[in-house]
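# Structural overview
Residue-level listing of the chains:
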There are 2 protein chains.
Amino acid sequence: MLANDRSSSPMLTKVRVVLCDTQEPGNIGAAARAMKTMGLGRLHLVRPRQFPHGEAWRLAVSAGDLLDAARVHQHLADVTADCHTVFGISARQRRVPLPLLSPRQLGPQVLACAAAGPVALVFGGEEAGLDNSDMARCDTLVSIPSHPDCRSLNLAAAVQLICYELRLAQLESGTSGLARTGAPRQAFEGWLAALDAALADSGYYQNKNRELALEALRRSLQRAAFDRAELQMLHGVLRALRAAPPAAGKN
Amino acid sequence: MLANDRSSSPMLTKVRVVLCDTQEPGNIGAAARAMKTMGLGRLHLVRPRQFPHGEAWRLAVSAGDLLDAARVHQHLADVTADCHTVFGISARQRRVPLPLLSPRQLGPQVLACAAAGPVALVFGGEEAGLDNSDMARCDTLVSIPSHPDCRSLNLAAAVQLICYELRLAQLESGTSGLARTGAPRQAFEGWLAALDAALADSGYYQNKNRELALEALRRSLQRAAFDRAELQMLHGVLRALRAAPPAAGKN
């Protein structure tokens, strides 16, 4: 299992969850609870319809401290002024000229950005999502891959899902010795180097240009975009094949 | 971006979301909405305190059809009798003698199991989680890596997070070679069979479930959508590695 799960996670203290135009106070509380279950704590509210409100504290359950500390603003710009990067979250298919990330891609990227300064994750209101002027403050759009038959997640559920990805990224960065930025690429190259060494030992390159042959393998295999767990699995495969006695004539 | 996201996803129709001892009807509705946003549809309720109830339909928003079709039972066994695998979901740290998965590991595993028959994902009540007798019906426990300061997710938020992992697994399996101009499926399967044979000989499967381990490899590698020439190259790689003398201690 993942270790280090109570870590102070200094990166996550740089992350602000910003709820714009929230209509239901209960959703603010549920969002606070969702944040706290994933180790996030900085809640900002932009133009909430009703706050403070008892319903928020009721649904926050044990995350009332996040509501006590929440800051209320009139303009998104007041929250994002000193932010290094602003991510807008959407479950809709938006046509905006912004870089687009999946929630899974977001996690490591937020941690990398948080190393440089505060980061904002901006959620729009329950009905309309992010409006255009708020969207204009975002550097990057995060699209939740919801099903076309039912695109719109409950606000707190979306917060839960995004904060979960941040927590996973934080737990993974805590357990791996790799640098956060560009880690997937490095990890892939590490596996490719192991494959290269195994092939060199096996004589695979005997009648080949090693550099070109390796490049062909890199090109084919990197298309799969293996994640860390998959690369671990593939390291295991390679180890097993290398340790096995020769099976000439087979395959 | 991920293609094919409205796919009929026959695997997901085999997945039953089972809520045991739910106290708040609103949570049943919110869970139904969470399911529908991720393309799941089969909802089962075991001993709900109040159902049907207007609050459930109110919070389901556009997922009322899942509530209309939901089935109510007195015993978890009535839902799981014909299930191939039963996964219990928990945000607590449980000490139970069951295999433990993370939500991220769950997604692909559910799809693999669903190929063989119905699969149940079982969620306990809001206060106490799964009770011991329900836990005894589970084959595998899924632990949500929540923060120790605030372990307990809202029920519908937990359903959202688990269903999200299933949807991602389904989308990833759907972006296999199909859309690309890769080699025919058969050709890839031929190479995978050669890999499987090599791994069986090497002892790779010794402490693993061979079927699941192979399924994980298939899922990862098929994303690359190898063409015929690439598969020939990979057959060559496999032949070379198999023919090489053992290199214990390397890699």
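Owing to the predicted nature of the structure, the values given are computational and were not obtained by experimental measurement. (Residues numbered from 1 in each chain as written. Chains lettered and ligands numbered in written order. Predicted model: local features only at pLDDT ≥ 70, side-chain atom pairs only at ≥ 80, totals over all residues. Heavy atoms only, no water.)

## Considerations on the overall build of chain A
Heads up, the rule is: Only runs of H or I of at least four residues qualify as helices and only runs of E of at least two qualify as strands under DSSP, and these elements are numbered from the N terminus. Buried means the residue's accessible area, taken with a 1.4 Å probe over protein chains only, is under 20% of the maximum for its type, while exposed means over 50%, and partly exposed covers the values in between. Any two residues whose heavy atoms approach within 4.5 Å are treated as being in contact. For the area figures, the Shrake-Rupley method with a 1.4 Å probe applies, and any residue is considered shielded solely by the protein chains shown.
A tally of regular secondary structure across chain A gives ten helices and seven strands. Counting all 251 residues of chain A, 53% fall into the buried class. If you take every contact in chain A between residues at least 6 apart in sequence, the share linking residues at least 24 apart comes to 82%. Carbon and sulfur atoms form 50% of the exposed surface of chain A, whose accessible area is close to 10900 Å².

## Here's the deal with the packing of aromatic side chains
All names here are of chain A. Selection rule: Only Phe, Tyr and Trp rings take part, Trp by its six-membered ring, and two of them pair if their centres are within 6.5 Å. Stacked means planes under 30 degrees apart, edge-to-face means over 60, and tilted covers everything else. As a reminder, the over-ring test applies to NZ of lysine and CZ of arginine, requiring each to be within 6 Å of the ring centre and within 35 degrees of the ring normal.
In total, this model carries ten aromatic pairs over all chains according to the counting rule given. Taking 5.5 Å as the distance between ring centres and 70° as the angle between the ring planes, the aromatic pair formed by Tyr204 and Tyr205 counts as edge-to-face. Lying across the ring of Tyr204, Lys208 places its NZ or CZ 4.1 Å from the centre.

## Regarding the interface of chain A and chain B
Here is the rule: Reported buried area values correspond to the accessible surface (1.4 Å probe) lost by two parts on association, with both partners' losses combined. The working definition used for a salt bridge is a side-chain nitrogen of Lys or Arg within 4 Å of a carboxyl oxygen of Asp or Glu. Distance and chemistry together define a polar contact, namely a pair of N or O atoms within 3.5 Å, with one atom able to donate a hydrogen and the other to accept it when in protein, and with adjacent residues in sequence counting only for side-chain atoms on both sides.
With 65 residues of chain A in contact, the opposing surface of chain B contributes 65 residues. Here chain A and chain B share an interface that buries about 6100 Å² over both sides, 60% of which is from carbon and sulfur atoms. Summed over the shared surface of chain A and chain B, the result is two salt bridges. The interface formed by chain A and chain B includes 16 residue pairs in polar contact (both at pLDDT 80 or more). Listed by contribution, the elements that provide at least two residues to the side of chain A that touches chain B are α1 (25-37), α5 (103-114), α7 (155-175), α8 (183-202), α9 (210-222) and α10 (228-243) of chain A. Here the side of chain A that touches chain B gets twelve residues from one element, more than from any other, and that element is α10 of chain A.

## Quick word on the environment of Cys83 of chain B
All names here are of chain B. Considering the arrangement of structural elements, one finds Cys83 in the loop between α4 (76-80) and β4 (85-90). Look at Cys83 and you get buried, because its relative accessible area is 15%. Linking Cys83 and Tyr204, residues 121 residues apart in sequence, is a C-alpha distance of 29 Å. Filtering out sequence-adjacent residues up to four positions away, Cys83 remains in contact with Arg16, Pro118, Val119 and Ala120.

## Thoughts on the sheet that holds β4 of chain B
Backbone-to-backbone hydrogen bonds pair the strands of a sheet. The strands run either parallel or antiparallel. All names here are of chain B. Worth spelling out the cut-off: Paired strands, as defined in this entry, are two strands with at least two bridges between them according to DSSP. Angular values range over 0 to 180 degrees, each being the angle between N-to-C directions of two axes fitted as lines to C-alpha atoms, with helices fitted over their stretch in contact.
Taking strand neighbours across the sheet as the criterion, the seven strands line up as β3-β2-β1-β6-β4-β7-β5 in an open arrangement whose pairing is parallel. Two strands lie at the open edges of the sheet, namely β3 (71-73) and β5 (100-101), each paired on one side alone. Sheet analysis places β5 next to strand β7 (residues 140-143), joined by two bridges and oriented parallel. Along β7, the bridge assignment pairs Leu100 with Leu141. Sitting on the sheet, helix α1 (residues 25-37) is in contact with β1 (15-20) and β2 (42-46), with an inclination near 155° to β2. On top of the sheet, helix α5 (residues 103-114) reaches β1, β4, β5, β6 (119-123) and β7; it is set at about 160° to β4, its chief contact.

## A few points about the confidence of the model for chain A
Residue and element names in this part refer to chain A. Where we set the bar: Every residue carries a pLDDT, the predictor's confidence in it, which falls somewhere between 0 and 100.
Residues at a pLDDT of 70 or more form 89% of chain A, whose mean pLDDT is 87. Taken together, the stretch residues 1-5 has pLDDT below 50 and engages in 13 contacts with residues farther than four places along the chain or on a different chain. Note that residues 175-183 has pLDDT below 50 and, in this model, 13 contacts with residues that lie over four places away or in other chains. As scored by the predictor, the complex reaches a pTM of 0.71 and an ipTM of 0.70.

## As for the pairing of strand β6 (residues 119-123) of chain A
Residue and element names in this part refer to chain A. For β6, the tally of buried residues reaches five of five residues, placing the bulk of the element in the interior. Burial along β6 is two-sided: Val119, Leu121 and Phe123 facing one way and Ala120 and Val122 facing the other are all buried. Both strand β1 (residues 15-20) and β6 contribute to a ladder of five bridges, which runs parallel. Across the sheet, residue Arg16 finds its bridge partner in β6, namely Ala120. When strand β4 (residues 85-90) meets β6, the two strands line up parallel, connected through five bridges. Paired with Phe87 across the bridge in β6 is Leu121.

## Focus: the domain arrangement of chain A
Under the convention used in this document: An automatic or database domain assignment supplies the start and end points of every domain.
Its domain assignment divides chain A into domain 1 (12-175) and domain 2 (183-243). Taking only C-alpha atoms, the centre of domain 1 of chain A and the centre of domain 2 of chain A are 38 Å apart.

## Considering the sheet that holds β1 of chain A
Residues and elements named next belong to chain A. Strand order in the open sheet made by the seven strands is β3-β2-β1-β6-β4-β7-β5, with parallel pairing throughout. Each edge of the open sheet is held by one strand with a lone partner, namely β3 (71-73) and β5 (100-101). Together, β1 and β2 (42-46) form the strand contacts of α1, whose direction differs from that of β2 by roughly 155°. Across the sheet, α5 is in contact with β1, β4, β5, β6 and β7 (140-143); its angle to β4 comes to roughly 160°.

## Here we look at the side chain of Thr140 of chain B
Structurally, Thr140 of chain B can be placed in strand β7. A relative accessible area of 7% places Thr140 of chain B in the buried class.

## Looking at the packing of α10 of chain A against helix α9 (residues 210-222) of chain B
This is how the line gets drawn: Any angle between 65 and 115 degrees counts as roughly perpendicular, while under 35 counts as roughly parallel, over 145 as roughly antiparallel, and the rest as oblique. Should the near helix be turned anticlockwise from the far one by less than a right angle, the crossing is left-handed, and should it be turned clockwise, the crossing is right-handed. By the convention adopted, Pro, Cys, Tyr, Trp, Phe, Met, Ile, Leu, Val and Ala count as nonpolar, Lys, Arg, Asp and Glu as charged, and the other residues, Gly among them, as polar.
Following both chains from N to C, one finds α10 of chain A and α9 of chain B inclined at 115°, their axes separated by 11 Å at the closest point. Viewed along their axes, α10 of chain A and α9 of chain B adopt a mutual orientation that is roughly perpendicular. Helix-helix and strand crossings are classified by hand; for α10 of chain A and α9 of chain B the assignment is left-handed. Residues Glu230, Met233, Leu234 and Val237 of chain A of α10 of chain A lie in contact with α9 of chain B, whose contacting residues are Ala216, Leu217 and Ser220 of chain B. For the contact of α10 of chain A with α9 of chain B, the class distribution of residues is five nonpolar, one polar and one charged.

## Digging into the environment of Trp191 of chain A
Residues and elements named next belong to chain A. Locating Trp191 in the fold gives a position in helix α8. With a relative accessible area of 6%, Trp191 lands in the buried category. Setting aside residues no more than four positions away along its own chain, Trp191 makes contact with Leu221, Leu231, Leu234, His235 and Leu238.

## Considerations on unusual backbone geometry
Cis geometry marks the peptide bond from Phe51 of chain A to Pro52 of chain A; its omega dihedral reads 0°. Mapped onto the elements, Pro52 of chain A comes out in the loop between β2 and α2 (54-60). For Arg47 of chain B, which is not a glycine, the phi torsion comes out positive at approximately 50°. Looking at the element boundaries, Arg47 of chain B is found in the loop between β2 and α2 (54-60). According to the relative accessible area criterion, Arg47 of chain B is partly exposed, its value standing at 24%.

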